[in-house]
Amino acid sequence: MTLLLAFDPENPPVSPPPLATRPMLWSLARQVFADHDVPEDDGRPPVPRCATCGRVWPCPPRMLAEHGLLAACAPLRPAGSGVGGPTGSGD
Ligand SMILES: [Zn+2]
């Protein structure tokens, strides 16, 4: 199965891609994605660990960030569908 993504999952752009439906979510997730990365070191330990939180990589924040990047590009659901964040349509 091949997924067509709007971005390179191993190196997502800092700026939201044109298809991003939630650019604010993208920005937040992209920041966490960058923060929780393995350190670039030749003498890597047997088990790679996150440079920020020290957990086995990919750490939970990194995985959450990857889900956030995907969610930022997911189609918007119509209002009243029962799924949504605390930020509704304000204007
Ligand atoms: Zn981490």
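Residues numbered from 1 in each chain as written. Predicted model: local features only at pLDDT ≥ 70, side-chain atom pairs only at ≥ 80, totals over all residues.

J.: Provide a residue-level description of the nonpolar core, including the pertinent values.
T.: Counting 7 residues, the largest nonpolar core is built from A20, W26, A29, F33, A65, L69 and A72. Put simply, the parts of the chain that give this core at least two residues each are α1 (23–35) and α2 (60–72). Beyond its immediate stretch of four places on either side in the chain, F33 contacts P12, R62, A65, E66 and L69. (Core = buried A, V, L, I, M, F, W, Y, C linked by C-beta atoms within 7 Å. Buried ≥ 20, exposed ≤ 12 C-beta atoms within 10 Å, placed from the backbone. Helix = DSSP H or I, 4+ residues; strand = E, 2+ residues; numbered from the N terminus. Contact = placed C-beta atoms within 7 Å.)

J.: Give a description of unusual backbone geometry that names residues and reports values.
T.: Backbone torsion omega between W57 and P58 reads 0°, so that peptide bond is classified as cis. Structurally, P58 can be placed in the loop between α1 and α2.

J.: Go over the environment of E66 with me, naming the residues and quoting the values.
T.: In this structure, E66 sits in helix α2. Looking at E66, the number of C-beta atoms within 10 Å reads 17, which means it is partly exposed. Between the alpha carbons of E66 and E10 there is a distance of 9.5 Å; along the sequence they are 56 residues apart. With residues up to four places along the chain from it excluded, the contact list for E66 reads P9 and F33.

Read these as geometric descriptors, not functional statements.
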